[in-house]
Amino acid sequence: MGLLSIIRKIKRKEKEMRILMVGLDNSGKTTIVLKINGEDTSVISPTLGFNIKTMAYNKYTLNIWDVGGQRTIRSYWRNYFEQTDGLVWVVDSSDLRRLDDCKFELDNLLKEERLSGASLLILANKQDIQGALSPDEITKVLNLEAMDKTRHWRIVGCSAYTGDGLLEGFDWRPLDERAVTTMIAL
Amino acid sequence: MEEQAPPPPLPTTTTETLDAATQRKHAAMLDRLSNLQQSRLLSHKPSPIDTPPSFESTQSFLSRFSTTKLAIESDLARIRQSPSDPNPIPDPKSQLQSLSLSIAGLEKFVAENSYFLPSYEVRTCLKSISDLKQTLDHVTSLVIPKKKFSFKSKPTKKGPIAPTSPTQTESRNTEPTKVGSFKVPDLPGFRSKESEVLTKVFKGGGLDEIGEFTVSDLVDCEVRLLGCLRALFVHRLRNCRVYVGPVFGSVLIEEVEGCVFVLASHQIRIHRATLNDFYLRVRSRPIIEDSCGVRFAPYCLRYDGVERDLEESNLNEETGNWANVDDFRWLKAVQSPNWAVLPESERISAVEILNPDT
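As recorded in an unreviewed UniProt entry, chain B goes by the name C-CAP/cofactor C-like domain-containing protein, listed as coming from Escallonia rubra. As stated in UniProt under Sequence similarities (unreviewed entry), the record for chain B gives "Belongs to the TBCC family." The record in UniProt for chain B states the following under Subcellular location (unreviewed entry): "Cytoplasm".

An unreviewed UniProt entry annotates chain A as ADP-ribosylation factor-like protein 2 of Escallonia rubra. Listed under Sequence similarities (unreviewed entry) in UniProt, the entry text for chain A is "Belongs to the small GTPase superfamily. Arf family."

Visitor: Any chance you could break down the interface of chain A and chain B for me, citing the residues and the numbers?
Guide: Taken together, the 31 residues of chain A in the interface contact 36 residues of chain B. Where chain A abuts chain B, roughly 3200 Å² becomes buried across the two surfaces, and 55% of that area is made up of carbon and sulfur atoms. Taken together, chain A and chain B are joined by three salt bridges. Among the ionic pairs, E254 of chain B bridges to R97 of chain A, the shortest N-O distance being 2.6 Å. Taken together, chain A and chain B are joined by twelve residue pairs in polar contact (both at pLDDT 80 or more). Broken down by secondary-structure element, the contributors of at least two residues to the side of chain A that touches chain B are α3 (71-74), α4 (99-110) and α5 (135-141) of chain A. Partitioned by chemical class, the residues of the side of chain A that touches chain B number ten nonpolar, nine polar and twelve charged.

Visitor: Please provide a residue-by-residue account of the pattern of salt bridges, values included.
Guide: Residue and element names in this part refer to chain A. The final tally for this structure, using the stated rule, is 28 salt bridges over all chains. Notably, a salt bridge pairs E39 with K53, separated by 3.1 Å at the nearest N-O pair. One end of the pair, E39, is in the loop between α2 (29-36) and β2 (50-57); the other, K53, is in strand β2, and 14 residues separate them in sequence. For E39, a relative accessible area of 33% gives the class partly exposed.

Visitor: Just give me the short version of the sheet that holds β2 of chain A, but keep the residues and values in it.
Guide: Residues and elements named next belong to chain A. Pairing in this open sheet of six strands is mixed, and the strands run β2-β3-β1-β4-β5-β6 from one edge to the other. With partners counted over all chains shown, the strands left at the sheet margins are β2 and β6 (153-157), one partner each. Recorded for the sheet is a direction-independent mean angle of 20° between the axes of neighbouring strands. Bridge count for strand β5 (residues 119-125) against β6 is five bridges, and the pairing is parallel. When the bridges of β6 are listed, A124 appears paired with G157. Where α4 meets the sheet, it contacts β1 (16-23), β4 (86-92) and β5, and its direction lies at approximately 170° from that of β4.

Visitor: A description of the confidence of the model for chain A should follow, citing residues and the corresponding values.
Guide: Note: predicted coordinates in regions of low pLDDT should not be interpreted at a detailed level. Residues and elements named next belong to chain A. On average, residues of chain A carry a pLDDT of 85, and 87% of them reach 70 or more. No element of chain A has a lower mean pLDDT than helix α7 (residues 177-185), which averages 45, and none a higher one than α5, which averages 95. Here residues 174-186 scores under 50 on pLDDT; set against residues more than four positions off or in separate chains, the count is 41 contacts.

Analysis parameters
Residues numbered from 1 in each chain as written. Chains lettered and ligands numbered in written order. Predicted model: local features only at pLDDT ≥ 70, side-chain atom pairs only at ≥ 80, totals over all residues. Heavy atoms only, no water. UniProt positions renumbered as here; feature names shortened; annotations may be inferred. Contact = heavy atoms within 4.5 Å. Buried area = accessible area lost by both parts, 1.4 Å probe. Salt bridge = Lys/Arg side-chain N within 4 Å of Asp/Glu carboxyl O. Polar contact = N/O pair within 3.5 Å; in protein donor to acceptor, adjacent residues only side chain to side chain. Helix = DSSP H or I, 4+ residues; strand = E, 2+ residues; numbered from the N terminus. Nonpolar A, V, L, I, M, F, W, Y, C, P; charged D, E, K, R; others polar. Buried < 20%, exposed > 50% of the residue type's maximum accessible area, 1.4 Å probe, protein only. Pairing = 2+ DSSP bridges. Axes fitted to C-alpha atoms, helices over the stretch in contact; angles between N-to-C directions. pLDDT = per-residue confidence, 0-100.

Spelled out as structure tokens, the structure:
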């Protein structure tokens, strides 16, 4: 293997983004991924383990890791933290009872050192359901304003069912270089 | 022999030279040895599988192993059924103890014969033994009532069940308010009722008008939700019957005990459920987590217009997924002990609800 091909390979690697998608069970992570990818979302079983989707977005290759959110398997989330460029936290905006749970798990996640460099996109999913909280309300409930100032974050309301808001969320571009590359993707 | 040098002195020949104490010791030792031998022989007799491993044939070992295993399994199944039996087994605790001993015996049997068995057979046998142990643990937790269900014990600490259940609800409702000092609005639902029949008809004029619905903190109620709805949350129900028309999104059920559910939905998640029957139609695989004693059967709700509603919600097709349950607490290829298919003879006949408008 010549030097040139090695360099090419490294270059190609740089354009690969690793995006970790987590959140409580029933928040719609898998549905979001499949919807973005234009696949059928009518038959989705609760995720036992994880799914990886590779998508091309502009000149980037996105590796989206959609990890199951059932309580039993949340402890395995940490196995996916390494080298995560972008973090997507999905909230079921209609599940008011478990917003406590949701806040607790998100706070825990953000304490994780290996994720300290990752930008955070919060998707307030299920906006199509009557009675769902708006992104502003979710921001208050999850107390997002109190988050560490060094973290780039954004919340976007969406509906994986109708597809509304998904592209908006994935179009966000924070300022710093690292995050730019990530969030162009997002 | 006689011509050679005298043989090393045997114990018996040297007794004269030993003092009396040593002699006594010696006799006692012989005594102990023979006693040991006796007791060993005795203890071998009662256990049916403790035959000396003289046959050294994999075939006969395996057949003996599987007979014992089957016997233990059927005993376990019988004890497991006993709580719902009209005439329960008198002393399940001691029965379970003796079963535990049988399993230990079986394990010993494998260990004793492992020297001639192919390693594959040893592995398989040990695997079945560990499965048996797990089933035993599970059945024990089912039959011995102390572990039964958590929300039952909470109210009893404070006093009678009825007065405490509303306060429980109150404390729950205030929880979201604590978070970021945000007031959570009241959403449509049935909450904190006892011994009532609760009916709600969803007249969907298009799917966008259909929202979510919550059913929580009910005891001894019958809940009928007819028509299509978008999402359903079920939380803390005891001894209830819940009949629901098609749910176009997902259903989340947590902390239910002794209930019957008839549900059709795209996704169904069941958490912390004890001893419930579910009659489901579901497009994906239903899941259970931290549950036990749950049984599944196909959807059987009838009301005027159910076929139309099912079709509108894309649930008109019977996928058979009601029997494809994933247990997140049992990530193994073998069947989870926490759920079962409800035997046809024990299923309820179709639930028919007339005049949903009333």
